[in-house]
Amino acid sequence: MKKFPDNFMWGGATAASQIEGAWNIDGKSMTVADMKKFNNKLDRKNILSERQMTIEKIKSAIDDTSSENYPKRRGIDFYHTYKEDIKLFKEMNINTYRMSISWSRIVPNVFDEKVNKKAIDFYTNIFKELKKNDITPLVTISHFDLPYIAVKKIGGWVSKKLIEPYLFYCKTLFKNFGQYVKYWIPFNEINGALFTEWNAIGLKGLNENIQNNYQALHNTFVANARAIELGKKINDQFQFGSMVAHFETYPLTCKPEDVFENLEEKRKRVYLFHDVTSKGYYPKHIFHFFDKIKIKIDITDKELNYIKNNTVDFISISYYMSGTISKDSKDSTEGNLVRMGKNPYLEATDWGWQIDPIGIKNSISDLYDRYEKPIFISENGMGSEDALIDGKVNDSYRIEYLKKHIEQIYESINNGAVVLGYTLWTPIDIISSGTSEMSKRYGNIYVDIDDYGNGSAKRYKKESFYFLSKVFRENAI
Ligand code: BGP
């Protein structure tokens with residue numbers, strides 16, 4: 001029996017735009033997530049086109065007021081079922097629930113500082129329900145559901161004009177929910193600005209003009225720092241976490257060229273985001289890179305001061321898969337937000353994400369050594385089409401995946417890293433972020449809804465539910 005430290009935070013993670021539904025009621029405005037159409041011809045092994053938003057797609061999303069083709073408008077109707085679902089989380093012995101709050105509910109018009117009372121009531125009820133069930137909330141302030149009005153008016157995060165309205169939204173949360181919430185994550189996968197720009201910053205296309213991506217990334221770094229400063233002023237007990245989609249990569253061969261390529265990958269596509277949010281400054285190489293590719297980012301000394309004086313209390317990452325890097329890029333495979341080189345030693349999911357439990361130990365050890373801040377695994381899980389047969393789901397493959405990753409997290413703690421907790425993605429089937437599928441299931445609770453919203457919506461405990469409830473109860477694997 002491998003025992004985890006006392007008070008280890010065990011639980012699950014969800015996101016408002018993938019779980020709540022109720023996309024246009026009680027005052028909520030449209031978000032970038034509400035505009036992602038489900039494509040029933042999508043190629044699961046190549047979803048890059050799913051990520052790209054185009055003018056045509058924007059137009060048809062605005063013209064379509066139904067939720068028929070837009071699964072994230074429906075979610076699993078958590079907006080109305082949260083009491084029953086939280087009871088199921090409790091039965092699973094979850095003691096921590098990572099959730100996000102929808103900006104488009106709290107301040108629907110973003111710029112007018114008008115707070116929507118119905119939204120305050122909705123989230124207050126959720127926090128009361130969690131408190132009743134002895135579950136600690138870990139709140140993501142913005143999780144891939146930027147209000148569309150911010151895109152329409154100022155182009156999203158590429159404009160610095162979004163920082164003040166974001167801080168007003170943060171202040172509203174800190175003041176109204178500070179009595180229930182101590183752990184805050186200002187942005188989900190802040191590196192999304194470079195890899196899934198519509199979801200993360202409201203930019204259409206895919207790296208059409210990389211200057212916009214880096215400018216928006218910088219603006220969110222500033223917003224992150226200023227949210228921390230604001231939060232600590234309101235309640236110095238608040239704990240703030242970064243959240244970076246982690247890409248664990250290995251050189252495809254021991255050829256020195258491959259090793260260097262992998263180093264470059266780490267510096268630019270992994271460490272950069274932690275350097276800024278955990279060390280409080282940009283690594284010098286990124287300015288050299290900006291010069292080389294001739295982009296000019298508007299960065300002021302005042303902003304660099306905010307970043308320097310307001311670093312996170314803990315590092316959180318999503319970890320799903322790993323990949324290889326080589327000088328002459330070979331055949332690649334899908335992963336979370338990015339494609340990566342294949343690894344002949346690893347199996348992959350039906351969506352091509354390579355399963356690498358030891359990779360999570362590598363990642364935790366590497367980041368802990370480098371930044372010496374507590375680590376929180378805020379997403380980890382396996383997407384698959386699960387079969388509901390006679391009210392049962394035998395997801396032994398998911399038990400295998402979770403067991404092996406949890407064992408490696410234990411090993412990393414044994415190896416000296418400080419890990420605060422683990423909220424797997426996701427305790428209950430919800431809509432996929434990248435493809436808007438319902439059939440890409442991660443949950444330990446099966447939800448009887450298909451990609452088109454049909455089904456009884458009944459909840460069923462999968463085998464992995466029972467496996468995890470034991471791990472969480474015993475605080476051991
Ligand atoms: C991450 C998001 C989560 C979750 C996860 C799984 O990028 O933070 O919201 O969705 O991806 O990805 P997907 O749902 O696309 O399989």
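Anything mentioned here points back to the structure above.
Please read these numbers as outputs of a predicted model, since none were measured by experiment.

Visitor: What's the story with the overall build of the protein chain in this structure? I'm lost.
Guide: Helix and strand counts for the protein chain stand at 18 helices and 15 strands. Taken against the 2.2 N^0.38 rule, which gives 23 Å for 477 residues, the C-alpha radius of gyration of the protein chain at 21 Å falls within 12% of a compact globule. Viewed in the frame of its principal axes, the protein chain has a C-alpha envelope of about 60 × 55 × 50 Å. Evaluated residue by residue, the protein chain yields a buried proportion of 62% over its 477 residues. Restricting to contacts in the protein chain with at least 6 residues of sequence separation, those with at least 24 account for 76%. Put simply, the protein chain shows about 18700 Å² of open surface, and 50% of that area lies on carbon and sulfur atoms. Distance from the positive charge centre (67 side chains) to the negative charge centre (62 side chains) of the protein chain: 4 Å.

Visitor: What am I meant to see in the environment of proline 147 here?
Guide: When you line up the elements, proline 147 lands in the loop between strand S3 (136-142) and helix H8 (148-154). Beyond its immediate chain neighbours, meaning those up to four positions away, proline 147 contacts Ser29, Met30, Thr31, Trp103, Ser104 and Val110.

Visitor: Honestly, the sheet that holds strand S2 (residues 96-100) in this entry has me stumped. Any pointers?
Guide: The strands making up a sheet associate through hydrogen bonds between their backbones, and the pairing can be parallel or antiparallel. The sheet built from nine strands is open, its strands ordered S5-S4-S3-S2-S1-S13-S12-S8-S6 with parallel pairing. Since the sheet does not close on itself, it has two edges, and those belong to strand S5 (239-240) and strand S6 (244-245), each with one partner. Across four bridges, the pairing between strand S8 (residues 315-318) and strand S12 (residues 375-379) is parallel. Residue pairing for S12: serine 316 is matched across the bridge by phenylalanine 376. Running at roughly 135° to S12, helix H16 (residues 357-371) makes contact with S8, S12 and strand S13 (419-425) of the sheet. Docked against the sheet, helix H17 (residues 396-414) engages strand S1 (9-13), S12 and S13, running at close to 170° with respect to S13.

Visitor: Is there a simple way to explain the site of the ligand in this structure?
Guide: Close contacts around the ligand come from 16 residues, with Gln18, Glu189, Gly434, Lys440 and Tyr442 the closest. Between the ligand and the protein, one listed contact pairs an oxygen atom with a side-chain N or O atom of glutamine 18 at 2.7 Å. Taken by itself the ligand offers 370 Å² of open surface, and the protein chains cover 98% of this. Taken together, the residues of the shell around the ligand sort by class into six nonpolar, seven polar and three charged.

Visitor: Would you explain the side chain of asparagine 444 in this entry?
Guide: With respect to the helices, strands and loops of the structure, asparagine 444 is situated in the loop between S13 and strand S14 (445-447). Taking relative accessible area as the criterion, asparagine 444 reaches 0% and is therefore assigned buried. Within the local environment of asparagine 444, its side chain forms a polar contact with the side chain of serine 464, the two groups lying 3.1 Å apart.

Visitor: Just checking my understanding: could you explain the pairing of S8 for this structure?
Guide: Here is the key point about a regular strand: its side chains alternate between the two faces of the sheet. Here S8 shows no split at all, with Ile315 and Ile317 on one side and Ser316 and Ser318 on the other all buried. As judged from the two bridges shared by S6 and S8, these two strands associate in the parallel manner. Bridged to valine 244 within S8 is isoleucine 317.

Visitor: Help me out: how do you make sense of unusual backbone geometry in this one?
Guide: Negative phi values dominate among residues other than glycine, just as trans dominates among peptide bonds. Residue threonine 426 is bonded to the preceding tryptophan 425 through a cis peptide linkage, with omega at 0°. In this structure, valine 110 is a non-glycine residue whose phi angle is positive, near 60°. Note that valine 110 resides in the loop between helix H6 (103-106) and helix H7 (117-132). The exposure class of valine 110 is buried, given its relative accessible area of 1%. For asparagine 475, which is not glycine, the phi torsion reads 55° and is therefore positive. In this fold, asparagine 475 is placed in the segment after helix H18 (463-474). With relative accessibility at 11%, the residue asparagine 475 sits in the buried group.

Visitor: Explain the packing of H16 against H17 to me, please; I cannot follow it from the model alone.
Guide: The axes of two packed helices give the description: the angle between them and the distance between them. Relative to each other, H16 and H17 sit at 30°, their axes nearing to 8 Å. Put simply, H16 runs roughly parallel to H17. For the pair H16 and H17, the crossing hand works out as right-handed. Along the contact surface, H16 presents Pro357, Ile358, Ile360, Lys361, Ile364 and Ser365, while H17 presents Lys404, His405, Gln408, Ile409, Glu411 and Ser412. Residues of the contact of H16 with H17, tallied by class, amount to five nonpolar, four polar and three charged.

Visitor: Teacher, can you tell me more about H7 here?
Guide: Every α-helix carries 3.6 residues per turn, so stepping three or four residues along brings you back to the same face. Taking 1.5 Å of rise per residue, 16 residues should cover 22 Å, and H7 covers 22 Å from first to last C-alpha, within 8% of that figure. Of all the residues in H7, the buried ones are Ala119, Ile120, Phe122, Tyr123, Thr124, Ile126, Phe127, Glu129 and Leu130. Contact partners of the buried residues in H7: helix H1 (16-19), helix H5 (78-91), S2, H6, S3 and helix H9 (163-177). By the N-cap criterion, in which a side-chain oxygen at the helix start approaches the backbone nitrogen of a residue two or three places on, H7 is capped by asparagine 116, the distance to lysine 118 being 3.1 Å.

Visitor: Please clarify how the pairing of S3 should be interpreted in this entry.
Guide: The buried fraction of S3 amounts to six of the seven residues, a majority that puts the element mostly inside the structure. One ladder, built from four bridges, connects S3 with strand S4 (residues 183-187); its direction is parallel. Bridging across to S4, threonine 140 finds its partner in isoleucine 185.

Visitor: Got a minute to help me understand the nonpolar core in this structure?
Guide: Here is a general trend for soluble globular proteins: nonpolar side chains tend to be buried in one another's company. If you look at the biggest cluster of nonpolar residues, it comprises 143 residues, and the most contacted ones within it are Trp157 and Tyr166. It is helix H12 (residues 210-234) that contributes the most residues to this core, 10 residues altogether. In contact with tyrosine 166, other than residues within four places in its own chain, are Trp103, Ile141, Ser142, Trp157, Pro186, Phe187, Ala223 and Ala227.

Visitor: Whenever I open this one, the packing of H7 against H9 confuses me. Can you help?
Guide: At a minimum axis distance of 11 Å, the contact between H7 and H9 shows a crossing angle of 50°. In terms of orientation, H7 and H9 fall into the oblique class. Read as a crossing pair, H7 and H9 show a hand that is right-handed. On the side of H7, the interface is formed by Ile120, Tyr123, Thr124 and Phe127, while H9 contributes Thr172, Asn176 and Phe177.

Visitor: What exactly am I supposed to notice about the packing of aromatic side chains here?
Guide: Aromatic rings considered in pairs are described by the distance between their centres and by the relative angle of their planes. Inspection of every chain in the model, using the stated rule, returns 40 aromatic pairs. Ring plane angle 80° and centroid distance 5.5 Å describe the contact between phenylalanine 38 and tyrosine 452, whose orientation is recorded as edge-to-face. Taken together, the residues span a long stretch of sequence, with phenylalanine 38 in the loop between H1 and helix H2 (48-51) and tyrosine 452 in the loop between S14 and strand S15 (459-461) at a distance of 414 residues. The buried category is assigned to phenylalanine 38, whose relative accessible area is 13%. With a centroid separation of 5.0 Å and 65° between ring planes, the pair formed by tyrosine 214 and phenylalanine 290 is classed as edge-to-face. With tyrosine 214 in helix H12 and phenylalanine 290 in helix H14 (residues 284-292), the pair connects residues that are 76 residues apart, well separated along the chain. Clustering of aromatic rings is evident, with ring pairs tying together Phe78, Tyr79, Tyr82, Phe89, Tyr97, Phe122, Tyr123, Phe127, Phe177 and Tyr180. Directly above the aromatic system of tryptophan 23 lies the positively charged group of arginine 73, at a separation of 4.0 Å from the ring centroid. Over the face of the ring belonging to phenylalanine 122 we find arginine 105, whose NZ or CZ atom lies 5.7 Å from the ring centre.

Cut-off values and rules
Residues numbered from 1 in each chain as written. Predicted model: local features only at pLDDT ≥ 70, side-chain atom pairs only at ≥ 80, totals over all residues. Heavy atoms only, no water. Helix = DSSP H or I, 4+ residues; strand = E, 2+ residues; numbered from the N terminus. Rg over C-alpha atoms; globule rule 2.2 N^0.38 Å. Buried < 20%, exposed > 50% of the residue type's maximum accessible area, 1.4 Å probe, protein only. Contact = heavy atoms within 4.5 Å. Areas by Shrake-Rupley, 256 points an atom, 1.4 Å probe, with all protein chains shown as cover. Lys, Arg positive; Asp, Glu negative; His and termini not counted. Charge placed at Lys NZ, Arg CZ, Asp CG, Glu CD. Pairing = 2+ DSSP bridges. Axes fitted to C-alpha atoms, helices over the stretch in contact; angles between N-to-C directions. Near = heavy atom within 4 Å. Polar contact = N/O pair within 3.5 Å; in protein donor to acceptor, adjacent residues only side chain to side chain. Nonpolar A, V, L, I, M, F, W, Y, C, P; charged D, E, K, R; others polar. Parallel < 35°, antiparallel > 145°, perpendicular 65-115°, else oblique. Left-handed = near helix turned anticlockwise from the far one by under 90°. Expected span 1.5 Å × (residues − 1). Core = buried A, V, L, I, M, F, W, Y, C linked by side-chain atoms within 4.5 Å. Phe/Tyr/Trp six-rings, centres within 6.5 Å; stacked < 30°, edge-to-face > 60°. Lys NZ or Arg CZ within 6 Å of the ring centre and 35° of its normal.

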